[in-house]
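One letter stands for each residue in the lines below.
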Amino acid sequence: MPRSLEQWFAHQGQLHPKTIDLGLARLRVVLERLAWRQPSVPVVTVAGTNGKGSVTAYCTQVLAAAGHRVGTFTSPHLRDYRERIRVHDRLVTTDELLWAFERIETARVGAGSDAVSLTFFEYNALAAFLIFDAARLDAWVLEVGLGGRLDAVNVVDATVAVVVSIGLDHQEFLGETTEEIAREKAGIFRKGRVAVLGSRGLPPVLVDSAVALGATPKRLGSEFDYTREISGWSYRGRRWDLTGLPSPALLGDTQFTNAATALAALEELDAELPVSAAAVAQGLTSVRLVGRFQVIATGGGKPSWILDVAHNADAARVLAQNLRALPIGGRTLAVCGILADKDAAAIAAEVGDCFDAWWLASIEGVRGTSGAVLKDRIAGHVNGPLSVAADIAAACAAASAAAHPADRIVVFGSFHTVGPALDWLESQGLLPRAPLREYTDAPRNF
């Protein structure tokens, strides 16, 4: 059996013939062997094409501000595998991961002849479930990895299930249309539970699926809504009527929608997990989420940086809106890296007129692509000259060297892009050095 996390990651990466293989049957076999049972505490499950990371963060932070101990599961990570599993106010420890992996492996192997092969992500999710169980938490907040119905997270029955948004992404797994994708994400709904729908104009199949499953739809603009005000904003739901709320700490107009969606989920738990208006305000203003329109003002006569993991057309559209809402006196320069299986042309078309020059970086790995190939894919969809860089660090260095103090540099396109950019910024003294990080070689996107 592996002894270190590096050995475990290598082992997990070669167990299953496919990197992504959606389905719950394998997990259920392993969980049965572990004698695992559904959580006895409230669970919020969050799915969606975009915005689910923000909604998850708001749910966790507001509950924590109210004094509740929360376990949070997210994916992928940017710099450190441990980002994926938070036990209340800390990252999961190495010892906790080793303990969970050893238990999972024993159950997975079984008697030997009946071994179950698990994907890297399935190992990840199972570890989170075991660690949260052992920590005796007050609530779990789980971000769905891919889709919904067949994602590993969906083996847990949600007290409240949230679908934040629907867009075209991962069509090879979820379907070619927004209706097909919505149907897959609706698979997280449960009979007799609330299904929160966090965008206006979502495909009607979400409501139809909720009703067919016996869930209760809770729609933005109907059963809950929010109002922007001169100073702050207000939330109205089925139980809460909150006025004078502070603006969310995360930047961009879409964050008001995400924050309202999180409150719509949390008010359904209020009987078990009471949350005061003061805790809501504290949670909204204290939330932090790396790589979601994250603005880094470096000062000292150097350009500012913005980091955003936008990796599909809808997310790129929001990035463009946020950039236009935050004009500057200088130029806006792009450092971009996009995985081969993403629609680079559609992404570029959404942000093409936002940038004065581009540095296109190569990304390694089975899903990676070269800067030269990316250049061919987006040419004709963008303004400004296109330069090719060997990797993210080289692209950041080149953009930084070309930038003037009044300019800003926007890094976007993938978790695989923002993570290395954070490393480069830290190495240049442009970002405070993070606490000790470990296990950056673990696959990011699974």
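No experiment lies behind these values; they were computed from the predicted model shown. In every chain, residue numbers begin from 1 and rise along the written sequence. For this predicted model, a pLDDT threshold of at least 70 governs which residues receive local features, and a threshold of 80 or more governs which side-chain atom pairs are given and counted, while totals over whole chains, interfaces and linings are taken from all residues. Derived side-chain values reflect all non-hydrogen atoms in the structure, with water molecules and hydrogen atoms excluded from consideration.

1. A few points about the overall build of the protein
Inference 1: If you tally the helices and strands in the protein, you get 15 helices and 17 strands.
Inference 2: Radius of gyration: over C-alpha atoms. The globule rule applied is 2.2 Å multiplied by the number of residues raised to the 0.38 power. In terms of C-alpha radius of gyration, the protein reaches 21 Å, essentially the compact-globule figure of 22 Å for 446 residues.
Inference 3: Dimensions along the principal axes, computed over C-alpha positions, put the protein at roughly 60 × 55 × 40 Å.
Inference 4: The buried share among the 446 residues of the protein stands at 56%.
Inference 5: When contacts within the protein are restricted to residue pairs at least 6 apart in sequence, those whose partners lie at least 24 apart make up 74%.
Inference 6: Using the Shrake-Rupley algorithm and a 1.4 Å probe, accessible areas are obtained, with residue cover drawn only from the displayed protein chains. Total accessible area on the protein is roughly 17,600 Å²; 51% of this is exposed by carbon and sulfur atoms.
Inference 7: The convention is simple: Lys and Arg are positive, Asp and Glu are negative, and His and the chain ends are not counted. Charge positions come from single atoms, namely NZ of Lys, CZ of Arg, CG of Asp or CD of Glu. Averaged over its 43 positive side-chain charges, the protein has a centre that lies 2 Å from the centre of its 48 negative ones. Helix and strand assignments follow DSSP, with helices taken as H or I runs no shorter than four residues and strands as E runs no shorter than two, numbered in order from the N terminus. The classification of residues rests on relative accessible area computed with a 1.4 Å probe and restricted to protein chains. Under 20% of the type maximum is buried, over 50% is exposed, and intermediate values are partly exposed. In this description, contact between two residues means that some pair of their heavy atoms is separated by no more than 4.5 Å.

2. Thoughts on unusual backbone geometry
Inference 1: That bond from Ser75 to Pro76 is cis: its omega, -10°, falls within 30 degrees of zero.
Inference 2: Within the secondary structure, Pro76 is located in the loop between strand E2 (70-73) and strand E3 (85-87).
Inference 3: If you check the backbone angles, Phe293 has positive phi at about 45° while not being a glycine.
Inference 4: With respect to the element layout, Phe293 can be found in the loop between helix H10 (277-286) and strand E12 (294-296).
Inference 5: Classification of Phe293 as buried rests on a relative accessible area of 5%.

3. Re the nonpolar core
Inference 1: Membership of the largest hydrophobic core comes to 63 residues, with the highest contact counts inside it found for Phe101, Trp140 and Phe189.
Inference 2: Among the elements that line this core, the one with the most residues is helix H5 (residues 120-135), at twelve residues.
Inference 3: If near-sequence neighbours (up to four positions away) are discounted, Phe189 is found in contact with Ala161, Val163, Ala195, Leu197, Leu206, Ala210, Leu213 and Ala215.
Inference 4: Definition of nonpolar core: a set of buried residues of the types Ala, Val, Leu, Ile, Met, Phe, Trp, Tyr and Cys, connected through side-chain atoms within 4.5 Å. Listed in part, the 41 residues of the second largest apolar core include Val194, Val196, Leu245 and Ala265.

4. Let's talk about the sheet that holds E12
Inference 1: DSSP-based pairing: two strands are paired if at least 2 bridges between them are found. One open sheet holds the six strands; their spatial order is E12-E13-E17-E14-E15-E16, and the pairing between them is mixed. At either margin of the open sheet sits one strand with a lone partner, and together these are E12 and strand E16 (386-389). For this sheet, the mean inter-axis angle between neighbouring strands, taken without regard to orientation, is 20°.
Inference 2: By the bridge criterion, three bridges tie E12 to strand E13 (residues 304-308) in an arrangement that is antiparallel. Among the inter-strand pairings, Ile296 is bridged to a residue of E13, identified as Trp305.
Inference 3: Seen against the sheet, helix H13 (residues 371-378) touches strand E14 (332-336), strand E15 (357-361) and E16 and runs at an angle of roughly 135° to E15. Here an angle of 0 to 180 degrees is reported between the N-to-C directions of two axes, which are lines fitted to C-alpha atoms, with helices fitted over the stretch in contact.

5. Considerations on the sheet that holds strand E4 (residues 90-91)
Inference 1: Spatial ordering of the open sheet is given by E4-E3-E2-E5-E1-E6-E7-E8, a layout of eight strands whose pairing is mixed. If you trace the sheet from one side to the other, it starts and ends with E4 and strand E8 (216-219), each paired once.
Inference 2: Sitting on the sheet, helix H3 (residues 52-65) touches strand E1 (43-47), E2, strand E5 (139-143) and strand E6 (160-163), and the angle it makes with E5 is about 170°.
Inference 3: The sheet contacts of H5 involve E2, E3 and E5, and relative to E3 the element is tilted by about 5°.

6. Let's talk about H3
One turn of the α-helix equals 3.6 residues, which is why residues spaced by three or four share an orientation.
Inference 1: The terminal C-alpha atoms of H3 lie 20 Å apart, and with 14 residues this matches the ideal 20 Å at 1.5 Å per residue to within 8%.
Inference 2: Summarising burial for H3: eleven of the 14 residues are buried, a large majority.
Inference 3: Contacts from the buried residues of H3 go to E1, E2, E5, E6, helix H9 (254-266) and H10.
Inference 4: Once H3 finishes, Gly67 follows within two positions and takes phi at roughly 95°, a positive value. What a helix is expected to span follows from its residue count: subtract one and scale by 1.5 Å.

7. Considerations on the pairing of strand E9 (residues 225-228)
Inference 1: Bridging between E9 and strand E10 (residues 233-236) involves four bridges; their strand directions are antiparallel. Note on E10: the bridge partner recorded for Arg228 is Trp233.
Inference 2: Count of turn residues in the E9/E10 antiparallel hairpin: four residues, of which Gly232 carries a positive phi of about 90°.

8. Some details on the state of the cysteines
Inference 1: A pair of cysteine sulfur atoms is labelled a disulfide when the two atoms are within 2.5 Å. Considering all chains together, one arrives at zero disulfides under this definition.
Inference 2: Free cysteine Cys336: the closest other cysteine sulfur is in Cys396, separated by 12 Å.
Inference 3: You can call Cys336 buried: its relative accessible area is 0%.

9. Section: helix H8 (residues 205-213)
Inference 1: Along H8, the residues classified as buried are Val205, Leu206, Ser209 and Ala210. Along H8, the residues classed as buried sweep out an arc of 140° about the axis, all on the same side. The exposed set on the far side of H8, more than 90 degrees from its buried face, consists of Asp208, Val211 and Ala212.
Inference 2: At its buried positions, H8 is contacted by E6, helix H7 (178-185), strand E7 (194-197) and E8.
Inference 3: Count one or two residues on from H8 and you reach Gly214, which has phi positive near 85°. By arc we mean the arc of the directions from the helix axis to the C-beta atoms, nothing more.

Geometry only, nothing functional implied.
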